[in-house]
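# Residue-level structural notes
These are the residues of each chain, in order.
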Amino acid sequence: MPSGRAITGILVLAALVFPGCSGGDGISSSTGTFEPVRADTLTVMTQPMPTAGFWEGTRENPTGGFEYEMAVDLAERLDLGDVEVRTAPFSAIVAGRLGGADLAMSLITPTADRDQVLDFTTPYIDAAPALLVREGTEIPDVHTAQEMQFAVGSDTTFETIVKEDIRPDAEPLRFENRNREIRAVLDGRADVAMFDLPAAEAIVNDDDRLAITAKLSSTEPIAAALPDGSTNVDAVGSALRAMEADGTIDSLSEKWLGTSITDSENSVPLLRTGS
Amino acid sequence: MSVAAISLQAPEGSAWEFLVLFLVVILGPPLVQRARIPGLIGLLIGGFLIGPNGLGLLPEGSKTIPELGQLGLLYLMFVAGVELDLKLLDRHRRSAISFGLLTFAFPMALGTAAGMLLGWELPAALLLGSLLASHTLILYPLVRGAGLANDPVVASVVGATVLTDTIALVILAIIAGTQSGTGGTSDVLLELVLGFIALGLVCFLVLPFLARRAFRALGTERTVRYVIAIASFLLAAVVAETFGIEGIVGAFFAGLAMNRLVPNEGPLMSRIDFFGGAVFIPVFLVSVGLLLDPSVMFQLETLGLAGLFIVACLGGKFIAAQSTRLILGANGAQAGIAFALSTPQAAATLAATTVGFEIGLFGESVVNAVLVLILVSVLVATLVAERDKDRVTLPPQARKELGERVLVAVADFASAPLGLRLAREVAAREAGVVDVVLMVDTATSGHERQADLDRISGMCRRLGIDTDPSVRTSVHDARTTVLAANSLESSLVLAVGSGIDDGWAEDLAVSSPAPVAIVRGSVDRPLGEVQVVALDPRVTAAGTVAAELVAAVSRDGDGDGGRPQLDSHHALGPGEVGVAGVSGWDELSEASPGAETGLVLIPDQLLPVEVPEPSVPEPHGTAAAMG
């Protein structure tokens, strides 16, 4: 058993082993160290802006949004003074091309394939896939859905969900840009588009010609993505968990998506797919 | 239909996840125990293997096991509270408090210092200190098995656990509340204070009252009793969470509150242990294992943290254990046992670490380092306990409290309700257990035995006694009862009825390993409605037992029922029960209650030579007034 003197010695030794004790770049917090690409700046990658409810404004002049304000709050928690926004197509982001950003926040669901090229944090939302339609369109059951023309984002998990769970008669239309995907529903080229429920709610809040007609029973976790092998995952994950624990995420959801995340799950009818 | 048309699907869904989970629960512990490693480590490793950082058998983002693990965490903390031996804390109050403060203070100070040394913020450093300061009595069964349960040092450590875990969880509640609360610090602290007041009221007033009423009303319906226990900790957890206090704190308090209602040796505790050991607690440990990440665990940073935690925790616990030499007069072996008992980190440590992780105060490195600490602390403590347990001189057998384990030996049904009611009340005072043995003669057929068993079981259910009665075929009731009392280690034997052998109860009184009270009378009313009167409370051992029995069952607890003491059982009126110590064979064998009255007689100073032979019963003389 160690004696008291030995313990003191080991603690002193620890001070030498862990340079964070003297204010260096080692372990400076119980949640790991965050080392930004650019000094004092959190560089965040997302899809081309705006993304209703999530990223408002332009890349050069972002004005708000759920994920944008999460990024600002995250920067504060990581003791960084500024947030820089970069954009790239969703398919590029999930292919691991983050363009030198510290992380990406763009409604990304962790999957095994994506995990090969990216590192994911603890999910900050669990959202059900939702069906976005023109106001007045009804989808009471999966058979009705199968007769409709679907629109999905390229390289999103919705492609797989639509094909495997809904199994529509017609091949879904694929879109690189989500604003074009929404327009396809509005102008009648597609009958229904699939988005995460919070994203769909933000779209509907923005445009009363659209409505959410149903959601699926499964949920998709949404997490921040970091470059593969990043040493910042622990620090970002811890900060996101703290944001969830202190209610920040829920209040941002209410502010930008019009409803708390937990409430929104209950207000939309369920579409049973039989899968 | 051709074979090619068959399409097999990769296993997925809840059934698959539960299958994988239970395979880990089945295989994990025995595999690691072969290497003399505690079974819980096998569950942690198993969790890692099936998790995203291992073989990935569970789908990405699956919440089935983590959410079930949360329930397991609450269950674990409830069990930690309900299993603590509060009687030991009471008996060794001063030494338990002294040791509790020391074994909390040293690791707390060293852990907090280590956190500060690492440059952590104060809340994280304090949480680290508090989680290192708690401990789990993993090795208590080993020490108890070595006959050391009554060793004063062991008893003090067990009692100290109440203190260390309570303080650790209060610190956790304050830190988690201030870190995740949305208002100012003063608002959060006020909310916590109100929360602890509400939690205290719910746990220590409302919950025991409701549970006691429910147990009485619902008798011994096993599933219902068990579900009431589950509901109790869920209620406490909900109350705690309503005030921003972690649910585990509520669950632990509920365990403390239910402690006296759930005797450690009783059937309900067995059920709680069974389901906890089979499902809930393993699931929690497996869910923690999902967080294990070798790529993080074997980083220099994580191992460095683990090393520091180990030094702070084991060092602090060692200093505190050595202090027992000064404050408790312990020898080296006893100090070693104190170290072995107070060092293992499991329940409270895991709980606090999990909460710290969930609120973003701890990162994955810290979680993995704590898991290393748990492994090392359990291993080191096991080695020390194995080394020192045989070096401690066995303590003298402690006198059992009367109500700790009451054996009701029923020789006939007429007096059984009175005996069972008396046993229930006496046991309730000590949070004890009631065992019921029904004796039948050899001529009784199997069918009749089953009918008798159903009848006595029904009585127990009706009276709300949680026990599994047994039937014993007897040719000698006294001998049968002595054997039962020996094997059950009874603290009190209630000999109920006259049975096949006249004088069996008197025979029992001289050879029983525990005090004997002879119960006679057919009164079958709640004892609250029975006038219990002490008859001649003599200054003898029997008189002391009589006084304790009266205190247990009388409504005002002082034994005289507010009435003048009667000097003879003949003066008992309908609905009254007399309790007395008797020292003469004649008065013992001749004392017979009238209709609707009851007698509880405690034989005293009866020598074996005076025992009437069962086969040649003493001729009954005229009734003699007692006293």
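Residues numbered from 1 in each chain as written. Chains lettered and ligands numbered in written order. Predicted model: local features only at pLDDT ≥ 70, side-chain atom pairs only at ≥ 80, totals over all residues.

## A word on the overall build of chain A
Quick note on the threshold: Secondary structure elements follow DSSP: runs of H or I of four or more residues count as helices, runs of E of two or more count as strands, with numbering from the N terminus. Residues with at least 20 neighbouring C-beta atoms inside 10 Å of their own are called buried, those with 12 or fewer are called exposed, and the rest are partly exposed, where every C-beta is derived from the backbone. Here, residue contact means that the backbone-derived C-beta atoms of the two residues sit within 7 Å.
Secondary structure summary: chain A contains eleven helices and 13 strands in total. Looking at chain A as a whole, 48% of its 275 residues qualify as buried. Intrachain contacts of chain A at a sequence separation of at least 6 include 70% that bridge at least 24 residues.

## Some words on the overall build of chain B
Across its full length, chain B carries 23 helices and eight strands. The buried share of chain B, reckoned over its 627 residues, is 54%. Expressed as a percentage of contacts within chain B between residues at least 6 apart in sequence, the contacts between residues at least 24 apart total 77%.

## Description of the confidence of the model for chain A
In plain terms, the rule: Known as pLDDT, the predictor's confidence for each residue is given on a scale from 0 to 100.
Mean pLDDT for chain A: 84, with 86% of residues reaching 70 or above. In the model, residues 1-28 of chain A has pLDDT below 50 throughout and makes 42 contacts with residues more than four positions away in sequence or in other chains.

## Examining helix 7 (residues 178-186) of chain A
Residue and element names in this part refer to chain A. Just so we agree on the cut-off: Regarding the arc, it is the one traced by the directions from the helix axis to the C-beta atoms.
Buried within helix 7 are the following residues: Arg178, Glu181, Ile182 and Val185. Mapping the buried residues of helix 7 onto a view down its axis gives an arc of 100 degrees, with all of them on the same face. Where the residues of helix 7 are buried, they touch strand 8 (129-134), strand 9 (150-153), strand 10 (173-175), strand 11 (192-196), helix 8 (197-206) and strand 12 (210-215). Downstream of helix 7 by one or two residues, glycine 188 has phi in the positive range, about 90 degrees.

## Quick notes on the nonpolar core
What counts here: Nonpolar core, as used here: buried Ala, Val, Leu, Ile, Met, Phe, Trp, Tyr and Cys residues forming one set through C-beta atoms within 7 Å.
Counting 224 residues, the largest nonpolar core has A:Leu132, B:Met77, B:Leu172, B:Ala236 and B:Phe309 as its most contacted members. If you tally residues by element for this core, the top one is helix 8 (residues 152-180) of chain B, at 15 residues. With sequence-adjacent residues up to four places away left out, A:Leu132 is seen in contact with A:Val185, A:Val192, A:Ala193, A:Phe195, A:Ala200, A:Ile203, A:Leu210 and A:Ile212.

## Structural notes on the sheet that holds strand 8 of chain A
Residues and elements named next belong to chain A. We apply this condition: Any two strands with at least two DSSP bridges between them are considered paired. Note on method: axes are straight lines fitted to C-alpha atoms, helices fitted across the in-contact stretch only, with angles between N-to-C directions ranging 0 to 180 degrees.
Strand order in this open sheet of five strands is 10-9-11-8-12, and the pairing throughout is mixed. If you trace the sheet from one side to the other, it starts and ends with strand 10 and strand 12, each paired once. Direction aside, neighbouring strands of the sheet carry axes that sit 35 degrees apart on average. Pairing geometry for strand 8 and strand 12, over five bridges, is antiparallel. Within the sheet, the bridge partner assigned to alanine 130 lies in strand 12 and is lysine 215. Against the sheet, helix 6 (residues 157-166) touches strand 8, strand 9, strand 10 and strand 11, its axis set at about 145 degrees to strand 9.

## Digging into the environment of A:Asp196
Position of A:Asp196 among the secondary structure elements: in strand 11. Setting aside residues no more than four positions away along its own chain, A:Asp196 makes contact with A:Leu107, A:Ala127, A:Pro129, A:Ala130, A:Glu220 and A:Ile222.

## Some points on the packing of helix 3 (residues 64-83) of chain B against helix 11 (residues 247-258) of chain B
Residues and elements named next belong to chain B. Condition: Left-handed describes a crossing in which the near helix is turned anticlockwise from the far one by less than a right angle; the clockwise case is right-handed.
In contact at an axis separation of 7 Å, helix 3 and helix 11 are set at 35 degrees when each is read in the N-to-C sense. Crossing handedness for the pair helix 3 and helix 11: right-handed. Here Leu73, Leu74, Met77, Phe78, Val79, Ala80, Gly81 and Val82 of helix 3 lie close against helix 11, whose contacting residues are Gly247, Ile248, Ala251, Phe252, Phe253, Ala254, Gly255, Leu256 and Met258.

## Structural notes on the pairing of strand 13 (residues 220-227) of chain A
Residues and elements named next belong to chain A. Across the eight residues that make up strand 13, a large majority, seven, are buried. Pairing of strand 5 (residues 103-108) with strand 13, which is carried by two bridges, proceeds in the antiparallel orientation. Residue alanine 104 lies in a different strand from strand 13, and its bridge partner there is alanine 225. Both strand 6 (residues 118-120) and strand 13 contribute to a ladder of three bridges, which runs antiparallel. Looking across to strand 13, one finds that leucine 118 is bridged to proline 227.

## Let's talk about unusual backbone geometry
If a residue is not glycine, its phi is most likely negative; likewise, a peptide bond is most likely trans. With an omega dihedral of 0 degrees, the bond running from A:Met49 to A:Pro50 counts as a cis peptide bond. On the secondary structure map, A:Pro50 appears in the loop between strand 1 (41-46) and strand 2 (56-57). The backbone of A:Asp79 sits at a positive phi, close to 60 degrees, despite the residue not being glycine. As for its position among the elements, A:Asp79 is in the loop between helix 2 (66-77) and strand 4 (82-87). The exposed category is assigned to A:Asp79, around which 11 C-beta atoms lie within 10 Å. One non-glycine residue with positive phi stands out, namely B:Glu489, at about 55 degrees.

## Section: the packing of helix 8 of chain B against helix 11 of chain B
Residues and elements named next belong to chain B. Put simply, the rule reads: Orientation is classified from the angle alone, with under 35 degrees giving roughly parallel, over 145 giving roughly antiparallel, 65 to 115 giving roughly perpendicular, and any other angle giving oblique.
At their nearest, the axes of helix 8 and helix 11 sit 9 Å apart, and the two run at 155 degrees to each other. By the angle class used here, helix 8 and helix 11 are roughly antiparallel. Our pair here, helix 8 against helix 11, has a crossing hand that is left-handed. For the pair helix 8 and helix 11, contact is made by Asp165, Leu169, Leu172 and Ala173 and by Ile248, Val249 and Phe252, respectively.

## Section: helix 9 (residues 233-245) of chain A
All names here are of chain A. We count it as follows: Multiplying 1.5 Å by the residue count of a helix minus one yields the expected span of that helix.
Compared with an ideal rise of 1.5 Å per residue, which puts 13 residues at 18 Å, helix 9 spans 18 Å between its outermost C-alpha atoms and is within 8% of the ideal. With twelve of its 13 residues buried, helix 9 lies for the most part within the structure. Within helix 9 the residues assigned to the buried category are Val233, Asp234, Ala235, Val236, Gly237, Ser238, Ala239, Leu240, Arg241, Ala242, Met243 and Glu244. One or two positions beyond helix 9, positive phi appears at glycine 247, with a value near 85 degrees.

## Thoughts on the environment of B:Gly360
Tracing the chain through its elements places B:Gly360 in the loop between helix 16 (347-358) and helix 17 (364-388). As for B:Gly360 and B:Ala124, which are separated by 236 residues in sequence, their C-alpha atoms are 9.8 Å apart.

## Points about the confidence of the model for chain B
All names here are of chain B. Model confidence for chain B is summarised by a mean pLDDT of 81, while 86% of its residues fall at 70 or above. Element-level mean pLDDT values for chain B span from 67 in strand 6 (residues 531-535) up to 94 in helix 15 (residues 332-342). Segment residues 556-564: pLDDT under 50, and 17 contacts once partners within four positions in sequence are set aside and those in other chains are kept. Ignoring residues within four places in sequence, the model shows residues 607-627, a span with pLDDT below 50, making 43 contacts including any to other chains. For this predicted complex, the interface confidence reaches an ipTM of 0.71, while the overall pTM sits at 0.69.

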